[in-house]
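Close look at the chain arrangement
Below, each chain spelled out in residue letters.
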Amino acid sequence: MSAAGALQKAVFGRLAGDAALTVLIGADGVHDHLQPRSHRPCIFIAGIDSRDASTASEVGEEHLVTLEVLTGEGGSRIAQEIAALVRSLLNDVPLVLAGFALVSILHRRTRIGRDAKAKGHVAEMVFRAVTE
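Residues numbered from 1 in each chain as written. Predicted model: local features only at pLDDT ≥ 70, side-chain atom pairs only at ≥ 80, totals over all residues. Heavy atoms only, no water.

Here's the deal with the pairing of strand β2 (residues 42–52)
Strand direction decides the pairing type here: strand β1 (residues 30–31) and β2, joined by 2 bridges, are parallel. What sits directly across from His31, in β2, is Phe44. (Pairing = 2+ DSSP bridges. Helix = DSSP H or I, 4+ residues; strand = E, 2+ residues; numbered from the N terminus.)

So this is what it looks like as structure tokens:
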């Protein structure tokens, strides 16, 4: 498994295993990709962009992890609430990665806006993670 794959699995596990988040989005509200007919609200891992970040002494990678929170009609408040909880669950936490070490994972930005096509709101969150 790659470092990005191990990171995705750890992020998914952290989000899917949180009781407070489950109350907000339901038991099957976390996805590793967008489901065509998923209920809302939900969260999915939209992508992981990885690049080499090795030093002279350590092999490493930098990953930009993009998560999207989708809500139903009129869901700006719930998008903000879910995004805040996701940030607290992932920002600067010691996730365990199979076969790799997580040096850090930090929140970079969140953008919440109207999703007119889906008649709801979307919160796009980006986290920067470094693995060795």
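Structural notes on the pattern of salt bridges
This model, assessed by the stated rule, comprises 3 salt bridges. With its nearest N and O atoms 3.0 Å apart, the salt bridge here joins Arg77 to Glu81. One end of the pair, Arg77, and the other, Glu81, are both in helix α3 (residues 76–90), 4 residues apart, so they sit about a helical turn from each other. For Glu81, a relative accessible area of 34% gives the class partly exposed. Residues participating in the shared-partner salt-bridge network are Arg51, Glu62 and Arg128. (Salt bridge = Lys/Arg side-chain N within 4 Å of Asp/Glu carboxyl O. Buried < 20%, exposed > 50% of the residue type's maximum accessible area, 1.4 Å probe, protein only.)

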